[in-house]
Amino acid sequence: MTANNLASYFGFLQRIMDADKETLLAVNDVGDIVASHIVNFFAEAHNRDIIEQLKLAGIQWPEQEPATAADDAPLSR
């Protein structure tokens, strides 16, 4: 669920990779520990290199425009 929330909120992998902790904390289901782990993961050059190698090998992630706040709002009666 958290991964889906991140994908929906950011829309593009690069936006997640570039996000700071405060921005990540705005995502539903992302708390302090998860946000810290994400920031630390993408701060390591080796991890970014692996992602770039995967892209060059033809691996693609579905990307879309981020969901709007209205898309995440609970349904009302």
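For the structure itself, consult the block above.
Residues numbered from 1 in each chain as written. Predicted model: local features only at pLDDT ≥ 70, side-chain atom pairs only at ≥ 80, totals over all residues. Heavy atoms only, no water.

(A) The arrangement of a nonpolar patch on the surface in detail. A surface patch of nonpolar side chains, about 310 Å² in accessible area, is lined by I50, L54, I59 and W61. Within the element layout of this structure, I59 appears in the loop between α5 (45-56) and α6 (69-72). Under the relative-accessibility criterion, I59 is labelled partly exposed at 41%. (Patch = residues over 30% accessible without salt bridge, like charges linked within 9 Å, V, L, I, M, F, W, Y side chains within 5 Å. Areas by Shrake-Rupley, 256 points an atom, 1.4 Å probe, with all protein chains shown as cover. Salt bridge = Lys/Arg side-chain N within 4 Å of Asp/Glu carboxyl O. Helix = DSSP H or I, 4+ residues; strand = E, 2+ residues; numbered from the N terminus. Buried < 20%, exposed > 50% of the residue type's maximum accessible area, 1.4 Å probe, protein only.)

(B) Fine view of the side chain of N5. Looking at the secondary structure, you find N5 in helix α1 (residues 2-10). Overall, N5 belongs to the buried group, its relative accessible area being 17%. Among all residues touching N5, those that are not within four sequence positions of it are V27, N28 and D29. (Contact = heavy atoms within 4.5 Å.)

(C) The arrangement of α1 in detail. By the burial criterion, the buried members of α1 are N5, L6 and F10. Along α1, the residues classed as buried sweep out an arc of 110° about the axis, all on the same side. Contact partners of the buried residues in α1: α2 (13-18), α3 (21-25) and α4 (32-43). Of the residues flanking the end of α1, it is G11, one or two places downstream, whose phi is positive at about 80°. (Arc of directions from axis to C-beta.)

(D) Here's a closer look at the nonpolar core. Residues L6, F10, I16, L24, V30, I38 and F42 are the most contacted members of the largest nonpolar core, which totals 13 residues. Elements represented by at least two residues in this core include exactly α1, α2 and α4. Filtering out sequence-adjacent residues up to four positions away, L6 remains in contact with G11, I16, L24, V27, V30 and I38. (Core = buried A, V, L, I, M, F, W, Y, C linked by side-chain atoms within 4.5 Å.)

(E) Layout of the pattern of salt bridges. Considering all chains together, one arrives at two salt bridges under this definition. Across the salt bridge formed by R48 and D18, the nearest N and O atoms sit 3.4 Å from each other. Of the two residues, R48 is situated in helix α5 and D18 in helix α2; the sequence distance between them amounts to 30 residues. Take R48: its relative accessible area is 27%, and that puts it in the partly exposed class. Of the charged contacts in the structure, one is a salt bridge between D32 and K21, with a shortest N-O distance of 2.6 Å.

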